[in-house]
Amino acid sequence: MYLNRPALKAEARACMSASGAKTYLTALVYVLLSLAMTELLSRLLFPTDQIYYVIDFENRSVGLHIEPEYYTRVLTEPLAYVIALLLELALAILDAGVAVFCLRVARREESSVWNLLDGFAQPWRVLGLVLLRGVLIFLWSLLFVVPGIVAAYRYRLALYLLLENPQLGVTACLRESKRLMTGRKGELFVLDLSLLGWYLLSAIPFAAVYTLPYMQTTFACYYLAVTENDRRPDEGGRFGRAYGREQDRQRRRDDEREPWEY
């Protein structure tokens with residue numbers, strides 16, 4: 001059963017409203033941490049004194065210049081690459097913390113900025129999922145671009161399943177995500193398209209403080225709706241299209257009733 005997209009997004013907004021200002025405070029902390037780690041990562045891997053752009057005004061061209069010393073850094077400065085790797089892993093785990101926070105917001109449960117650190121409670125499971133999912137998507141992409149995109153949608157729910165089911169292994173979460181997304185990849189693609197403006201708005205500095213929690217809470221609501229519908233296929237849950245059509249019919253009936261009929 002397909003889901004009622006407008007109702008889903010309206011629920012995400014209602015959940016954010018119920019959560020209050022801490023939703024945006026958590027997003028601000030996440031954005032600041034991500035920017036700081038990304039900047040440090042960039043300086044470690046691409047030092048400005050060894051890699052820089054050269055502008056040739058005479059020929060009207062821009063070229064990337066790499067000093068010969070850069071290619072020896074792996075041997076002479078291995079610590080920089082070790083730190084860079086740890087930062088990459090920390091960013092992946094921090095993303096899991098965002099998923100935990102938004103799941104709690106979507107359920108209208110108590111949440112706080114400290115939920116950003118929840119991914120560090122099970123770092124190896126999170127990293128194992130991120131790496132294995134990345135490998136699978138990459139292998140499918142070798143066939144062509146489209147199979148890679150399909151694979152990305154196939155495993156979109158795997159992280160939520162991992163965070164909510166400690167008893168499930170990484171491969172089990174990927175298989176369960178594949179099962180839940182059977183027949184729903186196009187639906188999620190359309191949901192992504194409906195948020196395209198929000199994705200573009202996120203390119204503005206610090207606009208992600210507002211756009212990120214809305215989009216991630218919407219996806220958390222989508223995950224909850226899909227799992228609810230999986231448990232109750234005949235009812236479809238609050239976001240089933242049949243539910244939405246029935247609500248519209250009820251509103252039309254109410255509009256057509258005379259005042260004394262209420």
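Because the structure is a prediction, the values reported are computed rather than measured. (Residues numbered from 1 in each chain as written. Predicted model: local features only at pLDDT ≥ 70, side-chain atom pairs only at ≥ 80, totals over all residues. Heavy atoms only, no water.)

1. What about the overall build of the protein?
Phase 1: Secondary structure summary: the protein contains twelve helices and two strands in total.
Phase 2: Overall, the protein shows an N-to-C arrangement of helices and strands of α-α-β-β-α-α-α-α-α-α-α-α-α-α.
Phase 3: For the protein, buried positions account for 39% of its 262 residues.
Phase 4: Accessible area for the protein stands at about 15,500 Å²; split by element, carbon and sulfur atoms hold 64% of it. (Helix = DSSP H or I, 4+ residues; strand = E, 2+ residues; numbered from the N terminus. Buried < 20%, exposed > 50% of the residue type's maximum accessible area, 1.4 Å probe, protein only. Areas by Shrake-Rupley, 256 points an atom, 1.4 Å probe, with all protein chains shown as cover.)

2. Regarding the UniProt feature "transmembrane region" (unreviewed entry) in the protein
Phase 1: Per the UniProt entry, the sites bearing "transmembrane region" (unreviewed entry) are residues 27–46, 79–106, 126–153 and 188–212 in this numbering.
Phase 2: Across residues 126–153, the secondary structure splits into 96% helix and 0% strand, with the terminal C-alpha atoms separated by 18 Å.
Phase 3: As annotated, residues 188–212 comprises 72% helix and 0% strand, and the C-alpha atoms at either end are separated by 17 Å. (UniProt positions renumbered as here; feature names shortened; annotations may be inferred.)

3. Some thoughts on the pattern of salt bridges
Phase 1: Following the criterion strictly, the structure yields seven salt bridges and no others.
Phase 2: A salt bridge links Glu 110 to Lys 22; its shortest N-O distance comes to 3.3 Å. Of this pair, Glu 110 sits in the loop between helix 4 (78–106) and helix 5 (123–143) while Lys 22 sits in helix 2 (residues 22–45), and the two are 88 residues apart along the sequence.
Phase 3: By relative accessible area, Glu 110 is classed as exposed at 60%. (Salt bridge = Lys/Arg side-chain N within 4 Å of Asp/Glu carboxyl O.)

4. Examining helix 6 (residues 145–154)
Phase 1: When helix 6 is considered as a whole, its buried residues turn out to be Gly 148, Ala 151, Tyr 153 and Arg 154.
Phase 2: Check the buried side of helix 6 and you find it contacts helix 5, helix 8 (170–180) and helix 9 (185–194). (Contact = heavy atoms within 4.5 Å.)

5. Some points on unusual backbone geometry
Keep in mind that most residues, glycine aside, have a negative phi and that most peptide bonds are trans.
Phase 1: Although it is not a glycine, Arg 108 sits at a positive phi angle of roughly 60°.
Phase 2: Counting through the fold element by element, Arg 108 comes out in the loop between helix 4 and helix 5.

6. Points about the nonpolar core
Phase 1: Formed by 63 residues in total, the largest nonpolar core has its most connected members in Leu 157, Tyr 160 and Tyr 222.
Phase 2: With 17 residues, helix 4 is the single largest residue contributor to this core. (Core = buried A, V, L, I, M, F, W, Y, C linked by side-chain atoms within 4.5 Å.)

7. Some remarks on the packing of helix 5 against helix 6
Phase 1: Where helix 5 meets helix 6, the closest approach of the two axes is 5 Å, and the angle between their N-to-C directions is 155°. Relative to helix 6, the element helix 5 is oriented roughly antiparallel. The interaxial crossing formed by helix 5 with helix 6 has right-handed handedness. In this structure, helix 5 contributes Ile 137, Trp 140, Ser 141 and Leu 143 to the contact, and helix 6 contributes Val 145, Pro 147, Gly 148, Ala 151, Ala 152 and Arg 154. (Axes fitted to C-alpha atoms, helices over the stretch in contact; angles between N-to-C directions. Parallel < 35°, antiparallel > 145°, perpendicular 65-115°, else oblique. Left-handed = near helix turned anticlockwise from the far one by under 90°.)

8. With respect to the side chain of Ser 177
Phase 1: Tracing the backbone through its elements, the reader meets Ser 177 in helix 8.
Phase 2: The class for Ser 177 is buried, based on a relative accessible area of 0%.
Phase 3: A polar contact is formed between the side chain of Ser 177 and the backbone nitrogen of Leu 157, at a distance of 3.2 Å.
Phase 4: A distance of 3.4 Å separates a polar side-chain atom of Ser 177 from the backbone nitrogen of Ala 158.
Phase 5: Discounting residues that sit within four places of it in the chain, Ser 177 has contacts with Arg 154, Tyr 155, Arg 156, Leu 157, Ala 158 and Leu 161. (Polar contact = N/O pair within 3.5 Å; in protein donor to acceptor, adjacent residues only side chain to side chain.)

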